[in-house]
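# A structural walkthrough
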Amino acid sequence: MSPSSHAAPDGAQIGSFALTGRIVAIAFFTFICYLAIGLPLAVLPGYVHDKLGYGSVLAGLAISVQYVATLLSRSHAGRMADTVGPKQTVVIGMAACAASGVFLLLAYAFERSAWLSLTAILLSRLALGFGESWVGTGAATWAIARVGPLHTARVISWNGICTYGALALGAPLGVVLENRWSMGALGGAVLLLGLGGLGLAAARRAVAIVGGQRMAFKSVVLRVFPHGMALGLGSVGFGTLAAFVALYYASRSWDGAAHALSAFGGAFIGVRLLFAGTITRYGGFRVAQVSFLVEAAGLLLLWLAPNPGLALMGAALTGCGFALVFPAIGVEAVARVPAGSRGAALGAYSAFLDLALGVTGPIAGYISSGFGYPAIFLSASLSVMVGFLIAFGLQRGATRQAAAAGAG
């Protein structure tokens, strides 16, 4: 086999470009889902705070409640991907994204009643969180089944490229839609994306369900727990940036909050494209440690930034650092379970990201109320450094196990 060819699960030898094509064809569903997530991302905090008149804690909750729903549905999404099939999982997730658009339309319709509008927004975020877990887990499992477990890192990397590329595109596009038209235009766009993704997923060929040993979900969680803790702590920076960058910029009388999200997403994609191969070359834990240090530096720059230019650089540096955290640690986590529990492992591992993002909004809102918006980025940087320490410990443990196995 040549270095540029790969063996697919069907036994065919395919080139690197064709392999990437197989992955991207499925990861595209992740792109659609996260474009639906990105559209209201830079709009909702300000809408809840300024238009509806609620405080910063509820403004943060309007973003973070999505991740609570994702967390609560991850185990079901993982089990369905393993037992019923990833295609069906993606289809259901896309239907949930479409439902989110309907609730956003209702939020616009109830705009004159603040509590009704906020309720519709929260329901929209809950539906979107449900859709995120099912599309994200289903698409990753679907792509791994198409190209084989040896390419798990590449699948996770491309899934992330689609995720944050969609967020980078969706955030400024959502601002344009809301400014030129209304919140109703955002709801309609999310609805159309969900329906379009549902139709495309339903038309694609399903893959065979992987047989063999299946671990209880509780056992899977215990296997990946330390990996998930590192991921969750490393995700606090993104959660803080996503939920509060608009209010942070507004508190400084700066323009261009949506561009900070785009800078984060653009840097994220660039690092994923250029350096994803380092995970296979140097090992997931080593790559994760470097990533944590870079992310922490970016968050410190956001904390200290005296002008929007340096804040933009901080957002980009945060994206550079966060880019490889998920796949670097995820490869190590998935390797700890049998093939028949791959979807459950991805779901359990991803749930720690959801948990982190779910609590980040309210906690960061509380911190900002007492210490100002810059302080939340300092707190996020400290959390990321704890993630670095966990990754360092995991690497030391893996090195000791390898040495013991070699001696035996």
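Regarding the protein chain, the UniProt comment filed under Sequence similarities (unreviewed entry) reads as follows: "Belongs to the major facilitator superfamily. YhhS family."

### Remarks on the environment of Ala-109
Inspection of the secondary structure puts Ala-109 in helix H4 (residues 86-109). In this structure the C-alpha to C-alpha distance between Ala-109 and Arg-22, which are 87 residues apart in sequence, comes to 41 Å.

### So, the packing of helix H6 (residues 152-180) against helix H9 (residues 257-275)
Remark: H6 packs on H9, axes separated minimally by 8 Å, with the N-to-C direction vectors making an angle of 160°. As far as their axial angle goes, H9 and H6 are roughly antiparallel. Here H6 and H9 pass one another in a crossing that is left-handed. In this structure, H6 uses Ile-156, Ser-157, Trp-158, Gly-160, Ile-161, Tyr-164, Gly-165, Ala-168, Ala-171, Pro-172 and Val-175 to contact H9, whose residues at the interface are Ala-258, Leu-261, Ser-262, Phe-264, Gly-265, Gly-266, Phe-268, Ile-269, Arg-272 and Leu-273. Its residues placed into classes, the contact of H6 with H9 shows 14 nonpolar, six polar and one charged.

### Regarding the domain arrangement of the protein chain
If you check the domain split of the protein chain, you get domain 1 (12-206) and domain 2 (216-400). Across the contact, 39 residues belong to domain 1 and 44 residues belong to domain 2. When the buried area of domain 1 at its contact with domain 2 is split by residue, Tyr-67, Ile-156 and Tyr-164 rank highest and sum to 19% of it. On inspection of domain 1 and its partner domain 2, the count reaches zero salt bridges. The interface formed by domain 1 and domain 2 holds two residue pairs in polar contact (both at pLDDT 80 or more) in total. Of all the secondary structure elements, the ones that give two or more residues to the side of domain 1 that touches domain 2 are helix H2 (44-51), helix H3 (56-83), helix H5 (114-147) and H6.

### Focus on the nonpolar core
Ranked by size, the top nonpolar core spans 112 residues in total, and within it Phe-238 and Phe-292 carry the most contacts. Take this core: its biggest share by element is 15 residues, from helix H8 (residues 217-251). For this core, the domains that each give at least three residues are domain 1 (12-206) and domain 2 (216-400).

### Comments concerning a nonpolar patch on the surface
A surface patch of nonpolar side chains, amounting to about 220 Å² of accessible area, comprises Val-102, Leu-106 and Phe-110. Relative to the helices and strands, Val-102 is located in helix H4.

### Things to note about the environment of Phe-130
Among the secondary structure elements, Phe-130 is positioned in helix H5. The class of Phe-130 is partly exposed, set by a relative accessible area of 31%. Remark: the alpha-carbon pair of Phe-130 and Gly-53, spanning 77 residues in sequence, is separated by 27 Å. Ignoring any residue separated from it by four or fewer positions in sequence, one finds Phe-130 in contact with Ala-69, Thr-70, Ser-73, Ile-92 and Ala-96.

### So, the packing of aromatic side chains
Enumeration over the complete set of coordinates arrives at 15 aromatic pairs. Judged by centre distance (5.7 Å) and plane angle (0°), the rings of Phe-29 and Trp-142 are stacked. With Phe-29 in helix H1 (residues 16-38) and Trp-142 in helix H5, this pair connects stretches of sequence that are 113 residues apart. Assigned by exposure class, Phe-29 and Trp-142 land together as buried. Ring geometry for Phe-268 against Phe-322: centres 6.2 Å apart, planes inclined by 50°, an arrangement best described as tilted. Note that Phe-268 is positioned in helix H9 and Phe-322 in helix H12 (residues 308-322), a separation of 54 residues in sequence. Phe-322 carries the same exposure label as Phe-268, and that label is buried. Among the aromatic residues, those joined into a cluster by ring pairs are Phe-238, Phe-264, Phe-268 and Phe-322.

What counts and how
- Residues numbered from 1 in each chain as written.
- Predicted model: local features only at pLDDT ≥ 70, side-chain atom pairs only at ≥ 80, totals over all residues.
- Heavy atoms only, no water.
- UniProt positions renumbered as here; feature names shortened; annotations may be inferred.
- Helix = DSSP H or I, 4+ residues; strand = E, 2+ residues; numbered from the N terminus.
- Axes fitted to C-alpha atoms, helices over the stretch in contact; angles between N-to-C directions.
- Parallel < 35°, antiparallel > 145°, perpendicular 65-115°, else oblique.
- Left-handed = near helix turned anticlockwise from the far one by under 90°.
- Contact = heavy atoms within 4.5 Å.
- Nonpolar A, V, L, I, M, F, W, Y, C, P; charged D, E, K, R; others polar.
- Domains from an automatic or database assignment.
- Buried area = accessible area lost by both parts, 1.4 Å probe.
- Salt bridge = Lys/Arg side-chain N within 4 Å of Asp/Glu carboxyl O.
- Polar contact = N/O pair within 3.5 Å; in protein donor to acceptor, adjacent residues only side chain to side chain.
- Core = buried A, V, L, I, M, F, W, Y, C linked by side-chain atoms within 4.5 Å.
- Buried < 20%, exposed > 50% of the residue type's maximum accessible area, 1.4 Å probe, protein only.
- Patch = residues over 30% accessible without salt bridge, like charges linked within 9 Å, V, L, I, M, F, W, Y side chains within 5 Å.
- Areas by Shrake-Rupley, 256 points an atom, 1.4 Å probe, with all protein chains shown as cover.
- Phe/Tyr/Trp six-rings, centres within 6.5 Å; stacked < 30°, edge-to-face > 60°.

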